[in-house]
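One letter stands for each residue in the lines below.
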Amino acid sequence: MNYPLYIRSAPTENELKFHYMVHTSLDVVDEKISAMGKALVDQRELYLGLLYPTEDYKVYGYVTNSKVKFVMVVDSSNTALRDNEIRSMFRKLHNSYTDVMCNPFYNPGDRIQSRAFDSMVTSMMIQVC
Amino acid sequence: MAQCVQSVQELIPDSFVPCVAALCSDEAERLTRLNHLSFAELLKPFSRLTSEVHMRDPNNQLHIIKNLKIAVSNIITQPPQPGAIRKLLNDVVSGSQPAEGLVANVITAGDYDLNISATTPWFESYRETFLQSMPASDHEFLNHYLACMLVASSSEAEPVEQFSKLSQEQHRIQHNSDYSYPKWFIPNTLKYYVLLHDVSAGDEQRAESIYEEMKQKYGTQGCYLLKINSRTSNRASDEQIPDPWSQYLQKNSIQNQESYEDGPCTITSNKNSDSNLLSLDGLDNEVKDGLPNNFRAHPLQLDSSSDASNSIDGPDHVKSASSLHETKKANTGIIHGACLTLTDHDRIRQFIQEFTFRGLLPHIEKTIRQLNDQLISRKGLSRSLFSATKKWFSGSKVPEKSINELKNTSGLLYPPEAPELQIRKMADLCFLVQHYDLAYSCYHTAKKDFLNDQAMLYAAGALEMAAVSAFLQPGAPRPYPAHYMDTAIQTYRDICKNMVLAERCVLLSAEILKSQSKYSEAAALLIRLTSEDSDLRSALLLEQAAHCFINMKSPMVRKYAFHMILAGHRFSKAGQKKHALRCYCQAMQVYKGKGWSLAEDHINFTIGRQSYTLRQLDNAVSAFRHILINESKQSAAQQGAFLREYLYVYKNVSQLSPDGPLPQLPLPYINSSATRVFFGHDRRPADGEKQAATHVSLDQEYDSESSQQWRELEEQVVAVVNRGVVPSNFYPTQYCLNSYSDNSRFPLAVVEEPITVEVAFRNPLKVPLLLTDLSLLWKFQPKDISGKDNEEVKELVSGEPKMIGTEVISEFLINSEESKVARLKLFPHHIGELHILGVVYNLGTIQGCMTVDGIGSLPGCHTGKHSLSMSVRGRQDLEIQGPRLNNTKEEKTSIKYGPDRRLDPIITEEMPLLEVFFIHFPTGLLCGEIRKAYVEFVNVSKSPLTGLKVVSKRPEFFTFGGNTAVLTPLSPSASENCSAYKTVATDSTAVCTALISSASSVDFGIGIGSQPEVIPVPLPDTVLLPGASVQLPMWLRGPDEEGVHEINFLFYYESVKKQPKIRHRILRHTAVICTSRSLNVRATVCRSNSLEDEEGRGGNMLVFVDVENTNTSEAGVKEFHIVQVSSSSKHWKFQKSVNLSENKDAKLASREKGKFCFKAIRCKEKEVATQSSEKYTFADIIFGNEQIISSASPCADFFYRSLSSELKKPQAQPSVHTEKQSLEDAVRLIQKCSEVDLNIVVLWKAYVVEDSKQLILEGQHHVILRTIGKEAFSCPQKQEPPEMELLKFFRPENTTVPLRPSVEQLSNLIKTSLHYPESFNHPFHQKSLCLVPVTLLLSNCSKADVDVIVDLRHKTTSPEALEIHGSFTWLGQTQYKLQLKSQEIHSLQLKACFVHTGVYNLGTPRVFAKLSDQVTVFETSQQNSMPALIIINNV
């Protein structure tokens, strides 16, 4: 639980900072999920919205029904990314993740090393930047 | 926020207490100094009142004050220097460390179990010191002096004079404008006159009289006689008196030190203290500008640059820390209050109480009343005025504000007597005496006024205190106004730029919020105040924020961890290494093992560094170790940095304890289970024609199949040596131990023979690792040569070259992420028990090759010497886990591992050591080709060897020559062009008949019961002396199948001396031979129908031999010549060649086929009888002009070997069913008669052109004929692969149907032949009936009596037979019943009667046969002989 399955950051020089940021944001994800209550679990929205803003970045969260968390950190100066774009990006990520899980050779819980997933993330990053 | 010792309700009143100044005369100071205390310090432990106090508020209501505390302090005329305060705070924090045995409580959050110390005493002491050291400011009066104690001693000459002098001094300080600093609450400060009296020294009466005088002058309420020092200090230590000062004074040691030094001059010259202070802290004057938020580094704080750099400037810090410790020690060494008895303590307590009750509180009460009156009078005015203006300007607040904004908000100062300040003063007083209701309303009013005036600093102060007093109000009539606090903090920070006040505000507010369980708000508050200007504060606040996160209802573990890391970072910047380390360690718990490898590495790296600077080297090493051993995702450069840091720390560790045990190094990884151990010398390279035996080497990969083969071979040879039984304690010799071999026993190594250990290293990093001086680490227990165990077992460890020589690899480079094996050798020189423990090496990196990719290191760098940047010597143990045990139930249910003794060889006494070389050993042969090679055996050891044997699965491949071997030239050079065979020139005329010789198979090592695979090597003296070498000829015969053959030889030898541990040794060799097709020989044998020969015995045979040249290589072999065909049998022999073809030497070009026919006869009975049953008769039929003696080596050798391999094939085993015994006997008898044991050897020569040179190759093929009429082949026919069968899941029914001989076999019981004239002339015109005498020969082929029925009646079954025109009839008896004895020949005289001329088939008699003594009859018609045609002619 809460092991990183896949981490990727576009400017690689400050990776450590982003890792810390993503890890810390998991607390907020936990909080949001538990706040949702039991009854709403089934029809709940997977997209959690903005987890917390920092000075330079915005952190968004998404949780699948199997409690796999996606966290996205974007530059807060990037105004092109509205809630809808983020949502569709998460959906794309989710689809790609589902494909990874469908691979019979993938062991759930392992680090994702799928090339398809990787290229999808790369394309998403290029598109954003 | 962590748990605190004090609750908020205690903390806040304790933080804001009435302040009292103390002004002492020199003499009074001297008296207290005897106790190593100043006057203020003397009072400190007793400054809390034990009883409740009552006072009346302005409305004359009784107000109860509980737990009132007052603060008495010496007058210091200088505001505290921010630098000094910072230093003090720093010391307080660094002096307060978590207790060693502190029980951390475990918090379980989600799947995290965290050990977190609940309390943070360093924070509490920081907060306490911080609040106490707040400089008094103008906008608030909480820490302004309310009263002043004037202290003089009774021993003074003029005490009353002194008092008035002190009073003047006080007045001067308060009202002279020179002194701005000590702030006084109200202009007419309460003065309280205290007469100190030294009981032990002074005159009591004088003191009393002075006191009386004082009472008259100042009134009883305003003075006090305090008697102290009831005992002399020199007899101090005989009784134990509690030291209440220690807990108060220890933490402010620095402050004390200062006050000690400037203590005496406090009164007289305050200017002195000014300069003194400056010189003491060494801070420059720029601090005075009142801006505490300067960015100056703290004297203890390390430069951030030096902190980040590689060189860790630990010593510097350590020195300062240690000096701190020294001062502390010096302090603790002083006994405070040595001259005070318990009565004195009570007196001081009494004094404080008296002062408070009689002096201070009435003064406060009075002041409050005064202020209240002033306020009420003013209130009426201002209220009305304000409301009026409000009415006038209603709704016009906005423009007013905009005007006000133009004012300099923060710079606004009220004059001291301003009415706004009076409210504030009253509020503060009420607050100090815990009258919070009144305080709140006053603060509230003041706040409004200040806000109206836009006096932001004042407003913030009022807001802050309003919030606090609202919180502290008994019964809590209104909720805590957190927004007041927020506004206050914001104002302090942003508008007033006063971080100290903001900090105080935050500390209070956070504590209050914490008490209300509003952790997230508290955390937000704390985090908001972290800023760049003070690392210590930021660190402490972040840590508290982290504690807030973990204390939340649903603990936010990750936020906790993250803020802990931030706190740790700040701590380290503030020079608080221990706290930094502690923070990182706590955060580590969250990040550990969760896959956040970058974060984990970062934390580990920091922990390592901090531990190093704190000289916790072991921790540092283990932290660095963590970074390196986990599969690191860092970049190569980062890894290189980690590694260098690690090496540096390690080096320091090892320098600290140079004699200690070698440290265990984490790098590179060793795959212990892949360790291989090899006993013996390295294999010698091939030397010209000489080719050394392959034996075993580390270069060979393990192959379970072949190792099983070798094991079987060794078992075979050992069985032969031990007369057919493998001894129970036999274990196969293992020269190379690996993870597949059986390592449960201690391996045996021979003294003076090297032991090679192959260690598999792996470098997990992206930077190359360089190991230098790599060698094995071992332990050795020597043993006496006599074999007796030494009484005292000496244990030697590495470095004793007399016993064990150790090879050292000077440089061993492992590139990034490379796996590499190192072969390390030991040379045992003494017998005993050796234990290989591990490897020892210097671990280092390569300087200059630190390119980013790590791989692209300079190629030249590898060849030359690597410049070693840094290296540490360390070891790594080789621990090999044995195989998991799985035999007993216990072992199956639990996980147990067997021992692995790979690395614990026993060094035994000398053994002979054989080396084998092959000379002229071919790599390619034709099938069946015979080649002569030589083998050289060399004994390279110092002890003789004997019992040399060789064992191979393919004994038919080679021979050393039988016992009858004549001496062939022993040196290989002499036999260059010689035939491999022994030949005799023959007369070419006598070619058609066979030349006969005989030989016994025993001579060729093929006896009954002997293992044909085990071949003793005919050493000349059976012993090979040390250093001696012997060359022996060896003939090879190409295997019959084409293709590549791997042939394993196992040489076995023993020492002449019997060794208890090693009985024998072995040497392995694998020869690889490639064979190509040559000839294919097939042969059939059939009975000859001709009359028996002159011996009168039946059983002549005809042997047809088809030879086909199947060689397909177009270039090499030109043609084959069959030079000789020999027969070899116990009972049969060739007599002659039947059809002599035209070309005598029987050439066979490619794909040509030749046919030969030979007549074979039985050997003479008596010959057979006299010869032993193993004697074979050889008969040679020659096609060339020289005879190859087939009964001699090597021809016979190979013949026997092929025979024995044939014999090995399973034969029909006699069944155990007894009731069928007779039946089976019969069957066997029947079978026997169609059997023949004739073996044919075809010898050939092949003419081969190779490199335009013609070579003659020789060879031989064997055909073994067993059954008459069945074709036999020289090479085993390829069998069709059996069809895939369905698996049968039911049990097959027992199909032991009575063994029936086949019809064909039965029909071979009796051999029949008809003898008659081929053509018969008969004058039919004379006599119409022609009678022809025909003799029917019946010969019994079996060894038993046979009943024979001969039926002459015509079969009329086939309709065609009827139509045969010229039928004939047999005359006379139509059926004969006969009994033929074994091998008997019987002739029947028959008469055939013909009526016409023509050609007739006489072969009509039907013969039935059965074994006469058998009940069950297999009566079968016997094989019809060939059509026997007769021609009847009419004459």
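- Per an unreviewed UniProt entry, chain B is named Trafficking protein particle complex 8, and its organism is Felis catus.

- Chain A goes by Trafficking protein particle complex subunit 2-like protein in an unreviewed UniProt entry, where it is assigned to Lynx canadensis.
- Per UniProt, the comment on chain A under Sequence similarities (unreviewed entry) is "Belongs to the TRAPP small subunits family. Sedlin subfamily."

Concerning the packing of helix α4 (residues 82–95) of chain B against helix α5 (residues 121–132) of chain B
Residues and elements named next belong to chain B.
Next, step 1: Running from N to C, α4 and α5 cross one another at 155°; their axes reach a closest spacing of 8 Å. Put simply, α4 runs roughly antiparallel to α5. Judged by the twist between their axes, the crossing of α4 over α5 is right-handed. Across the interface between the two elements, Leu88, Leu89, Val92 and Val93 from α4 touch Trp122, Ser125, Tyr126, Thr129 and Phe130 from α5.

Observations regarding the sheet that holds strand β1 (residues 47–53) of chain A
All names here are of chain A.
Next, step 1: Read from one edge of the open sheet, three strands run β1-β2-β3, paired in antiparallel fashion. Every other strand in the sheet has two partners, leaving β1 and β3 (69–75) as the edge strands with one partner each. Here the strands of the sheet are splayed against their neighbours by 25° on average, with no regard to which way each runs.
Next, step 2: Of the strands in this sheet, β1, β2 (57–63) and β3 are in contact with helix α2 (residues 83–102), which crosses β3 at around 140°.

Considerations on the side chain of Glu41(B)
Residue and element names in this part refer to chain B.
Next, step 1: As for its position among the elements, Glu41 is in helix α3 (residues 39–43).
Next, step 2: Despite its burial, Glu41 pairs with no opposite charge; the closest candidate is Arg33, at 5.2 Å N-O.
Next, step 3: Within polar-contact distance, the side chain of Glu41 engages the backbone nitrogen of Ser38 at 3.1 Å.

Focus: the pattern of salt bridges
Residues and elements named next belong to chain B.
Next, step 1: Under the definition given, this model contains 35 salt bridges over all chains.
Next, step 2: A salt bridge links Asp91 to Lys87, with the nearest nitrogen and oxygen atoms 3.7 Å apart. Of this pair, Asp91 and Lys87 both sit in helix α4, four residues apart, roughly one helical turn.
Next, step 3: Accessibility expressed as a relative area gives 26% for Lys87, which makes it partly exposed.
Next, step 4: A salt bridge links Arg875 to Asp877, with the shortest nitrogen-to-oxygen separation between them at 2.8 Å.

Looking at a nonpolar patch on the surface
Residue and element names in this part refer to chain B.
Next, step 1: A contiguous nonpolar surface patch, about 260 Å² in accessible area, is contributed by Val1399, Leu1429 and Ile1431.
Next, step 2: With respect to the helices and strands, Val1399 occurs in strand β54 (residues 1398–1401).
Next, step 3: On the basis of relative accessible area, Val1399 is assigned to the exposed category, the value being 54%.

A word on unusual backbone geometry
Residues and elements named next belong to chain B.
Next, step 1: Not every positive phi belongs to a glycine, and Asn67 is a case in point at roughly 55°.
Next, step 2: When you line up the elements, Asn67 lands in the loop between β3 (62–65) and β4 (71–74).
Next, step 3: Look at Glu752: it is not a glycine, yet its phi comes out positive at around 70°.
Next, step 4: Here Glu752 is to be found in the loop between β14 (748–750) and β15 (755–762).
Next, step 5: Overall, Glu752 belongs to the partly exposed group, its relative accessible area being 41%.

Some thoughts on the nonpolar core
All names here are of chain B.
Next, step 1: Judged by nonpolar contacts, the single largest core of 153 residues is most densely connected at Ile12, Phe39, Met149, Phe351, Phe431 and Tyr591.
Next, step 2: By residue number, the principal contributor to this core is helix α18 (residues 456–472), which donates 12 residues.
Next, step 3: Those residues within four positions of Phe39 in sequence are excluded, and the remaining contacts are Ala22, Cys24, Glu29, Thr32, Met149, Val151, Val194, Leu196, Leu226 and Phe351.

Rules behind the numbers
- Residues numbered from 1 in each chain as written.
- Chains lettered and ligands numbered in written order.
- Predicted model: local features only at pLDDT ≥ 70, side-chain atom pairs only at ≥ 80, totals over all residues.
- Heavy atoms only, no water.
- UniProt positions renumbered as here; feature names shortened; annotations may be inferred.
- Axes fitted to C-alpha atoms, helices over the stretch in contact; angles between N-to-C directions.
- Helix = DSSP H or I, 4+ residues; strand = E, 2+ residues; numbered from the N terminus.
- Parallel < 35°, antiparallel > 145°, perpendicular 65-115°, else oblique.
- Left-handed = near helix turned anticlockwise from the far one by under 90°.
- Contact = heavy atoms within 4.5 Å.
- Pairing = 2+ DSSP bridges.
- Buried < 20%, exposed > 50% of the residue type's maximum accessible area, 1.4 Å probe, protein only.
- Lys, Arg positive; Asp, Glu negative; His and termini not counted.
- Salt bridge = Lys/Arg side-chain N within 4 Å of Asp/Glu carboxyl O.
- Polar contact = N/O pair within 3.5 Å; in protein donor to acceptor, adjacent residues only side chain to side chain.
- Patch = residues over 30% accessible without salt bridge, like charges linked within 9 Å, V, L, I, M, F, W, Y side chains within 5 Å.
- Areas by Shrake-Rupley, 256 points an atom, 1.4 Å probe, with all protein chains shown as cover.
- Core = buried A, V, L, I, M, F, W, Y, C linked by side-chain atoms within 4.5 Å.

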